[in-house]
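A structural walkthrough
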Amino acid sequence: MIAVAEEIWADLKEFAQNYYTPSSFSVWFGQARLEDIDLTNNRITIYLPSDTVREKWQKDLEPKLIEFTYKYTGKDLEPYYRLPNVYQEDTTLPSTDSTISSHEFDVRGTPLNANYTFENFVTGPNNQMAQAGALAISEQLGTLYNPFIIHGGTGLGKTHLMQAIGHEVLKRNPNIRIMNVSCEKFINDFIESLRKSGKDESLMQKFREKYRTVDLLLIDDVQFLENKEETQNEFFHTFNELALNQKQIVMTSDRPIDKIPKLNDRLVSRFKQGTSCDVTLPDFETRVAILHEKVELKKLNIPKDTIEYIANLIDSNVRELEGALAKLQLYASANHNEAITPTIAAKALRNSYSQAEHEELSILTIQETVASFYNITLNELKGKKRVQSILIPRQVAMYLARELTDNSLPKIGEAFGGKDHTTVMNACDRIKTKLKDDQSMNNDIQELKNLLLY
Ligand code: ADP
Ligand code: MG
């Protein structure tokens, strides 16, 4: 038993050492210990110094822990974390790779996406005004254009530009307090606080404090306020309080504010006191520039003529351009990373862009795409193994099959090696729950949808 424990721990340590930077490694792994493996109760116990470390473990290391445990014991053990009875909440935490840690800066709500900076934002005639406005308010927070509203179609860089303001402002003043939140999250948060306030009156107070004591409120996709009368009221007051104190509000919307149905008049007139800029479709030159930027950012091996080929082929939004690149990347990695010539690109993208009507998506295509996305085999994906590294992709594939095709639950179950329809239902529920607060799951699903739909 002891030997097994040592093997598991050695593998996990090696993984963590590669996964984290040396200083992060000592924070997240340094004080952890494997305390017990209980094969009767199928439980593996890990000692961790604090709750924050536990949360991080569950996200980054638990899938590997389960995998290595399975490798050496042949059993699916449930991880159990033992924490010290009394511990100090740790305050110095490193930032993760893809997001700005909310511990380093006061960024509440969702962490900022590290790639969504002004440096990574390519300007063209379609977004110049919006970019200039965004940059200007980063320099004169709260007093120049308030609120600042970016509107335009999907995948055109609204969220990117809004978060760029957050990054820029933090660069200038790390002590700034930011709330970055989707409108949906604001609505849910409000409803939840309202619902629970019957039991605990302080909850509404907490909700208000959270949103009203920031220097910069970033709120994404405000078109979702449509028809939400109570929330609109609350938002109106939040808005007033912030504006009164010259705190900056930035919003995005998929249409101009006065085109949002059932938005109450006083909110509309408030919004109109600020400035709106739109973002529209990029022209050919801008599409080429954006593709160059992304190729560099993602370190892809895609030559210039292929980039121009893609820019010609796809004239819709930026997200679709990224979808095409992701597809090519996947294609290249399956083909020994050979350079992507226009001919190869044409072959890889043929099905998605040649006809106006997309072919109907099949469960098999979803399975193949998800399997290669997560680096597992199709058989593993359809099989029975319940190791996290396989189970999660399987649940993701079931969820996408349900979301993106018209197949019934039993039909989907059947396509996954004859599973029961309740298994599919549970998988969909699991993923939906994760999507509520797991950023990396949101990213995975978004990327997979890009791969499958465009
Ligand atoms: P929206 O919020 O308008 O739907 P996003 O801001 O999410 O769109 O942008 C979709 C993707 O396209 C993001 O990955 C973003 O980085 C990228 N993108 C959009 N516009 C640009 C641009 N001008 N330069 C670089 N990347 C862009
Ligand atoms: Mg957006």
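For the structure, see preceding data.
So, a few notes on the structure that sits alongside this text. (Residues numbered from 1 in each chain as written. Chains lettered and ligands numbered in written order. Predicted model: local features only at pLDDT ≥ 70, side-chain atom pairs only at ≥ 80, totals over all residues. Heavy atoms only, no water.)

**Some remarks on helix 15 (residues 363-373)**
In an α-helix there are 3.6 residues to a turn, and that puts residues three or four apart on one side. If you check which residues of helix 15 are buried, you get I363, I366, Q367, T369, V370 and A371. Next to the buried residues of helix 15 lie helix 13 (318-334), helix 16 (378-382), helix 17 (388-404), helix 18 (409-415) and helix 20 (439-453). Just beyond helix 15, the residue with positive phi is N375, at close to 60 degrees. (Buried < 20%, exposed > 50% of the residue type's maximum accessible area, 1.4 Å probe, protein only. Helix = DSSP H or I, 4+ residues; strand = E, 2+ residues; numbered from the N terminus. Contact = heavy atoms within 4.5 Å.)

**Quick word on the sheet that holds strand 4 (residues 106-109)**
Taken in spatial order, the six strands make up an open sheet running 4-6-7-8-5-9, and their pairing is parallel. At either end of the open sheet lies a strand with only one pairing partner, and these are strand 4 and strand 9 (275-279). The sheet shows a mean angle of 15 degrees between the axes of neighbouring strands, taken without regard to direction. With four bridges connecting them, strand 7 (residues 216-220) and strand 8 (residues 248-253) associate as parallel partners. Each residue of the ladder has a partner; that of L217, found in strand 8, is I249. Docked against the sheet, helix 8 (residues 202-212) engages strand 4, strand 6 (177-182) and strand 7, running at close to 110 degrees with respect to strand 6. (Pairing = 2+ DSSP bridges. Axes fitted to C-alpha atoms, helices over the stretch in contact; angles between N-to-C directions.)

**Overview of the packing of aromatic side chains**
According to the stated counting rule, one finds 17 aromatic pairs in the structure shown. Ring geometry for Y19 against Y20: centres 5.1 Å apart, planes inclined by 85 degrees, an arrangement best described as edge-to-face. When its relative accessible area of 40% is taken as the criterion, Y19 is described as partly exposed. Relative to F207, the ring of F186 has its centre 5.6 Å away and its plane inclined at 55 degrees; by these criteria the two rings are tilted. Placement of the pair is F186 in helix 7 (residues 183-196) and F207 in helix 8, with a sequence separation of 21 residues. Since its relative accessible area comes to 2%, F207 is described here as buried. Three or more aromatic residues joined by ring pairs make a cluster, and in this case those are F186, F190, F207, Y211, F235, F239 and F271. Its end group placed over the ring of Y80, R43 keeps NZ or CZ at 3.9 Å from the ring centre. (Phe/Tyr/Trp six-rings, centres within 6.5 Å; stacked < 30°, edge-to-face > 60°. Lys NZ or Arg CZ within 6 Å of the ring centre and 35° of its normal.)

**Things to note about the state of the cysteines**
A covalent bond between the sulfur atoms of two cysteines is referred to as a disulfide. Under the defined criterion, the tally for this structure stands at zero disulfides. We note that C183 lacks a disulfide partner, and the nearest cysteine sulfur, in C277, lies 20 Å from it. What makes C277 buried here is its relative accessible area of 9%. (Disulfide = S-S within 2.5 Å.)

**Here we look at the packing of helix 5 (residues 128-139) against helix 6 (residues 158-172)**
Between helix 5 and helix 6, the shortest axis-to-axis distance is 9 Å and the interhelical angle comes to 30 degrees. The pairing of helix 5 with helix 6 is recorded here as roughly parallel in orientation. Read as a crossing pair, helix 5 and helix 6 show a hand that is right-handed. Across from A130, Q131, A134, L135, I137, S138 and E139 in helix 5, the residues of helix 6 making contact are L161, I165, E168, V169 and R172. (Parallel < 35°, antiparallel > 145°, perpendicular 65-115°, else oblique. Left-handed = near helix turned anticlockwise from the far one by under 90°.)

By themselves, these observations are geometric and do not establish any function.
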